[in-house]
Amino acid sequence: MKVPVRDLTGNEVDQIDLAEAVFGVPMRSAVVHQALVRQRANSRQGTSSAKTRGEVAGGGKKPWRQKHTGRARTGSRRSPIFRHGGITFGPRPRDFSQDMPKKMRRLAIKCMLSDKHGSGTLTVIQALELSDGKTQEIVQLLGSLSIQGSTLVVTKNPDDKVKRSARNLRKVKTLPAALLNVGDLLQYESLVMTVDAVRQAEELWSRNVSKRRLPELEEPPKKSRAPRK
């Protein structure tokens, strides 16, 4: 699969081959959906908490006597039925994280990269070298590439100038290739990658994941018994 490579002015300067194992994978919607649900669940902090009647301050004295008042019996002002009382079934600190097999996580990313390539929203540029890291430089780049809407810009390594130039743009995000994820690939319409980022992604996501094999244990030598006399 050949794709054109453009420079910062939008002109085609070269063509490169994309790995079929990364950019030519058929879409698996169920796997992508499961990866997205896992990513969002793992981003939840789970630190919200409400106090129960046993944790609210006060309530040591019985408000009124048990009988002959015409009111319902109660033992504490910190019961959930009173104002400033405890919370019934309130949120408690918990872990929302989900697990997912490594092969499925890698497959979800490859499905999204293949979808970007198949839909024509993947643009490969030769390099992304910005002189000052100003916002206008990224705006001019996207304009010369005729890209409108939300855009994900991917480089091989973290680049402070690229990150600084795009941080004021609400619909533009920058990422190194190693941090590609299903959430960002789904959220942003266009994908701009440098040639080095494409090669880095191919190297990362085309590896075969094999189960770790335990070393075989050698049988201990059998003890020879002395012949009986």
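The structure under discussion appears in the preceding block.
Because the structure is a prediction, the values reported are computed rather than measured.

1. With respect to the overall build of the protein
Okay, so step 1: The secondary structure content of the protein amounts to seven helices and six strands.
Okay, so step 2: Secondary structure of the protein in N-to-C order comes out as β-β-α-α-α-β-α-β-α-β-α-β-α.
Okay, so step 3: Each principal axis of the C-alpha atoms in the protein carries an extent, and together these give about 95 × 95 × 35 Å.
Okay, so step 4: By residue count, 36% of the 229 residues in the protein fall in the buried class.
Okay, so step 5: Once local pairs closer than 6 in sequence are excluded, the contacts in the protein between residues at least 24 apart make up 68%.

2. Details of the packing of aromatic side chains
Okay, so step 1: Per the counting criterion, the structure on display carries one aromatic pair.
Okay, so step 2: Here Trp64 and Phe82 contribute two aromatic rings whose centre-to-centre distance is 6.4 Å and whose plane-to-plane angle is 85 degrees, an arrangement assigned as edge-to-face. Highlighted residues: Trp64 in the loop between helix H2 (29–42) and helix H3 (102–118) and Phe82 in the loop between H2 and H3, separated in sequence by 18 residues. Each member of the pair, Trp64 as well as Phe82, carries the same accessibility label: buried.
Okay, so step 3: The aromatic ring of Trp64 is capped on one face by Arg71, whose charged end is 3.7 Å from the ring centroid.

3. Brief notes about the pairing of strand S5 (residues 172–176)
Okay, so step 1: The buried fraction of S5 is high, at four of five residues.
Okay, so step 2: Bridge count between strand S4 (residues 151–155) and S5: five bridges; the pairing is parallel. Bridged to Val153 within S5 is Thr174.
Okay, so step 3: Read from S4 through helix H5 (residues 160–166) to S5, the crossover connection turns out right-handed.

4. Some points on the sheet that holds strand S1 (residues 2–6)
Okay, so step 1: Spatially, six strands are ordered S2-S1-S3-S6-S4-S5 in an open sheet, and the strand pairing comes out mixed. Across the chains shown, the open sheet's two edge strands, defined by having one partner strand only, are strand S2 (12–17) and S5. Sheet twist, expressed as the average angle between the axes of neighbouring strands with direction ignored, equals 30 degrees.
Okay, so step 2: Note that strand S3 (residues 122–125) and strand S6 (residues 190–194) share four bridges and pair parallel. Counted as the bridge partner of Val124 is Met193 from S6.
Okay, so step 3: Along the sheet face, H3 touches S1, S3 and S6 and points at about 100 degrees away from the line of S6.
Okay, so step 4: Contacting S1, S2, S3, S4 and S6, helix H7 (residues 195–205) crosses the sheet at an angle of about 95 degrees to S6.

5. Notes on a positive patch on the surface
Okay, so step 1: On the surface, Lys161, Lys163, Arg164 and Arg167 cluster together to form a positively charged patch.
Okay, so step 2: Along the chain, the position of Arg167 falls in the loop between H5 and S5.

What counts and what doesn't
Each chain carries its own residue numbering, running from 1 in the direction its sequence is written. Two thresholds apply to this predicted model, a pLDDT of at least 70 for residue-level local features and 80 or more for giving and counting side-chain atom pairs, whereas whole-chain, interface and lining totals are computed over all residues. Side-chain figures throughout are based on the complete set of non-hydrogen atoms in the structure, without hydrogens or water. To qualify as a helix, a DSSP run of H or I must reach at least 4 residues; to qualify as a strand, a run of E must reach at least 2; elements of each kind are numbered from the N terminus. A 1.4 Å probe rolled over the protein chains alone gives each residue an accessible area, and that area as a share of the maximum for its type sets the label: buried under 20%, exposed over 50%, partly exposed in between. We call two residues in contact whenever any of their non-hydrogen atoms come within 4.5 Å of each other. Note on ring pairs: Phe, Tyr and Trp rings are taken, using the six-membered ring of Trp, and paired if centres are within 6.5 Å. Classes follow the plane angle, with under 30 degrees stacked, over 60 edge-to-face and the rest tilted. Here, over-ring charges are defined by two tests on the NZ atom of lysine or the CZ atom of arginine: distance to the ring centre within 6 Å, and angle to the ring normal within 35 degrees. Only when DSSP finds a minimum of two bridges between them are two strands counted as paired. Whether a crossover is right-handed comes down to one check: with the strands pointing away from the viewer, does the path from the first strand over the helix to the second run clockwise; if it does, it is right-handed. Between the N-to-C directions of two axes lies an angle of 0 to 180 degrees, each axis being a line fitted to C-alpha atoms and, for a helix, fitted only over the stretch in contact. The patches described consist of residues with a relative accessible area above 30% and no salt bridge, like charges being joined within 9 Å and nonpolar side chains (Val, Leu, Ile, Met, Phe, Trp, Tyr) within 5 Å. Here the Shrake-Rupley method, with its probe set to 1.4 Å, supplies the accessible areas, and only the displayed protein chains count as covering residues. For this document, the term salt bridge refers to a Lys or Arg side-chain nitrogen within 4 Å of an Asp or Glu carboxyl oxygen. Charge assignment: positive for Lys and Arg, negative for Asp and Glu; neither His nor the chain ends contribute. In plain terms, the charge of a residue is placed at NZ if it is Lys, CZ if Arg, CG if Asp and CD if Glu.

Treat this as a map of the structure, not an account of what it does.
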